[in-house]
Amino acid sequence: MNLTSVEIREVSKNYADVLALNSISFQVERGELFGLIGPDGAGKTSLFRILTTLLLPDEGRAAVEGFDVDGDFREIRKIIGYMPGRFSLYQDLTVEENLSFYATVFGTTVEENYDLIKDIYIQIEPFKKRRAGKLSGGMKQKLALSCALIHKPRVLILDEPTTGVDAVSRKEFWEMLIRLKGSDLTILVSTPYMDEAELCDRVALLQDGKLLSVNTPSKIRDNYQQQLWALRAENMYRLKNDLAGYENTRSVFLFGRDLHITLKGGNTPEELHVWLEEMGHQQIHIEAIQPGVEDCFMELMSKEEQNQA
Amino acid sequence: MNQDKKVIEVRDMVKKFGDFTANDHLTFDVSEGEIFGFLGANGAGKTTALRILCGLSLPTSGEIRVAGYNIYTDREKIKKSIGYMSQKFSLYEDLKVYENIRFYAGIYGLGRKYIKERTEQLLERLRLQDVRNKLITELPLGWRQKLAFSVAIFHQPRIVFLDEPTGGVDPVTRRQFWDLIYQASHDGITVFVTTHYMDEAEYCDRVSIMDAGKIEAIDSPGGLKSTYNAKNMDEVFLSIAR
């Protein structure tokens with residue numbers, strides 16, 4: 001049974017002359033791990049601030065578990081857990097004081113919902129007498145997540161929990177989220193890291209206040225209509241520059257050790273290979289590949305720019 | 001890249017804060033024009049090392065030369081020979097685009113006429129002529145980061161230090177930023193860069209990975225991948241830092 005947990009309908013928000021959210025609509029089902037993927041300035045935080053009743057939309061409606069963000073804000077505040085982008089626990093309270101403070105504010109106790117946070121909290125428990133301000137980045141993150149969960153929220157909202165975090169801690173954080181999933185808890189998480197999209201049930205791709213796409217990561221990849229090629233040669237710098245000026249190049253981007261390239265209609269990789277040899281490139285390697293979410297995001301960005309032009 | 005010419009030479013660099021050893025006998029060289037990726041987990045000691053190499057802090061011990069200058073005696077000369085940019089701080093938000101360029105160039109003591117000419121060239125190259133009179137806050141983040149990088153190398157330093165320059169930037173702009181890095185390296189500027197994006201580690205000539213104050217690995221991305229039997233730099237990083 002699919003029940004709607006979060007509903008956003010034609011939501012717009014302006015800051016002076018900046019359109020931060022441009023008629024955004026999507027729904028999140030109960031129990032979903034839903035990702036809001038986009039760079040800084042895409043509108044992720046504005047949308048989360050609307051859902052957490054800290055900001056009102058200029059237009060449109062939004063509801064969390066059936067409660068309207070405008071009229072029913074008191075109910076929403078009781079049933080959501082929110083981890084803002086900036087560390088916002090009490091720095092001069094200890095780890096355990098922070099946790100029991102948050103439990104008390106929501107009229108519950110640490111003991112009552114300990115099961116929910118046990119896996120996460122156990123990792124910082126050895127430091128429970130330490131002030132939150134003295135914790136390392138990874139530990140702060142675990143404490144913030146524990147505090148956001150301690151009142152057993154129905155919807156968990158995490159604003160860029162992995163920004164500025166190293167690859168190891170990032171992986172650990174996602175493992176925690178995936179373990180949390182599965183109960184009735186709905187999780188909304190925002191991130192600028194495109195690779196994290198693959199770990200979500202569904203994602204919304206957001207750029208400059210506009211929704212580029214809402215779908216499962218695999219459907220987003222399926223909707224990529226170009227044949228994508230991974231390409232490398234001995235001198236990658238020259239390869240990139242040459243391809244930027246090649247008449248049959250449709251798009252070319254660096255991707256780790258490769259270039260990802262799409263060709264204009266009717267052009268074959270064999271022709272490309274010949275041309276690259278003529279240009280004096282050595283150890284040319286061309287391979288057909290499936291796009292990742294990041295390829296799709298860039299493709300959708302360029303379509304959006306063409307629509308505007 | 002000119003491998004015979006070392007612009008950063010570090011021998012047994014140690015930095016202690018009380019009992020805590022933030023940098024534990026670091027030894028490495030960086031060549032002229034090299035793109036050198038400086039990776040490590042949060043708290044591994046990257047920022048401490050970066051501050052020493054920029055002449056902002058003194059090591060507890062070790063022999064270090066940056067741009068040919070001794071870190072203990074010639075720190076002011078080092079500062080003139082390097083550029084620096086980070087995600088957190090790059091440009092003055094309450095100055096206009098052209099004012100930022102003039103301000104930074106002025107700090108490095110460049111002449112008025114020279115600044116004027118180069119500013120025009122720079123604005124044209126970055127296609128920012130139309131926004132020259134806008135405040136930095138009015139520019140999209142990606143434009144700001146590209147401008148910040150260009151400003152950091154405006155005085156043609158020997159080395160530019162980039163501390164997580166592409167955090168939060170959209171994927172297209174992130175790649176355009178790397179085009180600028182390649183260009184700078186091509187022009188002989190050494191690029192010393194930290195990042196949490198592991199695909200960016202692949203763009204470096206060599207990468208070092210720090211863990212708990214030590215350099216655990218240093219090699220080309222290809223070399224690291226074969227040593228750690230990994231298919232990408234993400235796997236290399238995880239096997240070292242986990």
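Data block above holds the structure.
Can you help me understand the sheet that holds strand β8 (residues 186-191) of chain A in this one?
The pairing of strands in a sheet comes from backbone hydrogen bonds and takes either a parallel or an antiparallel form. Residues and elements named next belong to chain A. Read across the open sheet, the 6 strands follow the order β6-β7-β8-β3-β9-β10; overall the sheet is mixed. Pairing within the sheet leaves two strands with one partner each, and these edge strands are β6 (80-83) and β10 (210-215). Here the strands of the sheet are splayed against their neighbours by 15° on average, with no regard to which way each runs.

Help me out: how do you make sense of the nonpolar core in this one?
Nonpolar side chains tend toward joint burial in soluble globular proteins. Formed by 69 residues in total, the largest nonpolar core has its most connected members in Leu231(A), Leu243(A), Leu272(A), Leu147(B), Phe149(B), Leu162(B) and Ile209(B). In this structure Phe149(B) touches Met85(B), Val160(B), Leu162(B), Phe177(B), Leu180(B), Ile181(B) and Ala184(B), once residues within four positions along its chain are discounted. Core analysis: the next-biggest nonpolar cluster, separate from the first, contains 51 residues, Leu33(A), Tyr102(A), Ala132(A) and Phe255(A) among them.

Teacher, can you tell me more about the sheet that holds strand β5 (residues 69-70) of chain B here?
All names here are of chain B. Spatial ordering of the open sheet is given by β2-β1-β4-β5, a layout of 4 strands whose pairing is antiparallel. Either end of the sheet is taken by a strand with one partner, and the two such strands are β2 (20-32) and β5. Pairing between strand β1 (residues 2-17) and strand β4 (residues 61-66): 5 bridges, direction antiparallel. Across the sheet, residue Glu-9 finds its bridge partner in β4, namely Arg-65. Its contacts with the sheet put helix α1 (residues 46-53) on β1, β2 and β4, and the angle it makes with β1 is roughly 120°.

Where do I start with the interface of chain A and chain B in this structure?
Many descriptions give the size of an interface as the accessible area lost when the pieces come together. Contact with chain A, which involves 27 residues of that partner, is made by 31 residues of chain B. Between chain A and chain B lies a buried interface of about 2,400 Å² when both sides are counted; carbon and sulfur atoms form 61% of it. For the interface between chain A and chain B, the tally reads 3 salt bridges. Arg175(B) is the partner of Glu294(A) in a salt bridge, and the nearest nitrogen-oxygen pair spans 2.9 Å. Here chain A is connected to chain B by 9 residue pairs in polar contact (both at pLDDT 80 or more).

I would appreciate a short explanation of the packing of helix α4 (residues 114-121) of chain A against helix α5 (residues 137-149) of chain A in the present structure.
Each pair of packed helices can be summarised by the angle the axes make with each other and by the distance between the axes. All names here are of chain A. Across the interface, α4 lies against α5 with an axial gap of 9 Å and an inter-helix angle of 175°. One element, α4, and the other, α5, form an angle in the roughly antiparallel class. Residues Leu-116, Ile-117, Ile-120 and Tyr-121 of α4 pack against Lys-142, Leu-145, Ser-146 and Leu-149 of α5. The residue inventory of the contact of α4 with α5, partitioned by class, reads 6 nonpolar, 1 polar and 1 charged.

Looking at this model, I keep getting lost on the pairing of β4(B). Mind explaining?
Residues in a regular strand project their side chains so that they alternate between the two faces of the sheet. Residues and elements named next belong to chain B. Across 2 bridges, β4 lies against β5 in antiparallel orientation. Residue Val-66 lies in a different strand from β5, and its bridge partner there is Tyr-69. The antiparallel hairpin formed by β4 and β5 contains 2 residues in its connecting segment, where Ala-67 sits at a positive phi of about 55°.

Explanation requested: the environment of Ala201(B) in the structure shown.
Residue and element names in this part refer to chain B. Structurally, the position occupied by Ala-201 is in helix α7 (residues 198-201). Looking at Ala-201, the relative accessible area reads 0%, which means it is buried. The spacing of Ala-201 and Gly-55 is 146 residues in sequence and 25 Å in space, taken between C-alpha atoms. Those residues within four positions of Ala-201 in sequence are excluded, and the remaining contacts are Leu-39, Val-207, Pro-221 and Met-233.

Where do I start with the environment of Pro157(B) in this structure?
Residue and element names in this part refer to chain B. Here Pro-157 lies in the loop between α5 (141-152) and β7 (159-163). For Pro-157, a relative accessible area of 4% corresponds to the buried category. For the pair formed by Pro-157 and Gly-188, sequence separation is 31 residues and the distance between their alpha carbons is 9.6 Å. Setting aside residues up to four positions removed in sequence, Pro-157 forms contacts with Ser-81, Ile-82, Gly-83, Ala-152 and Ile-189.

Calculation notes
Residues numbered from 1 in each chain as written. Chains lettered and ligands numbered in written order. Predicted model: local features only at pLDDT ≥ 70, side-chain atom pairs only at ≥ 80, totals over all residues. Heavy atoms only, no water. Pairing = 2+ DSSP bridges. Helix = DSSP H or I, 4+ residues; strand = E, 2+ residues; numbered from the N terminus. Axes fitted to C-alpha atoms, helices over the stretch in contact; angles between N-to-C directions. Core = buried A, V, L, I, M, F, W, Y, C linked by side-chain atoms within 4.5 Å. Buried < 20%, exposed > 50% of the residue type's maximum accessible area, 1.4 Å probe, protein only. Contact = heavy atoms within 4.5 Å. Buried area = accessible area lost by both parts, 1.4 Å probe. Salt bridge = Lys/Arg side-chain N within 4 Å of Asp/Glu carboxyl O. Polar contact = N/O pair within 3.5 Å; in protein donor to acceptor, adjacent residues only side chain to side chain. Parallel < 35°, antiparallel > 145°, perpendicular 65-115°, else oblique. Nonpolar A, V, L, I, M, F, W, Y, C, P; charged D, E, K, R; others polar.

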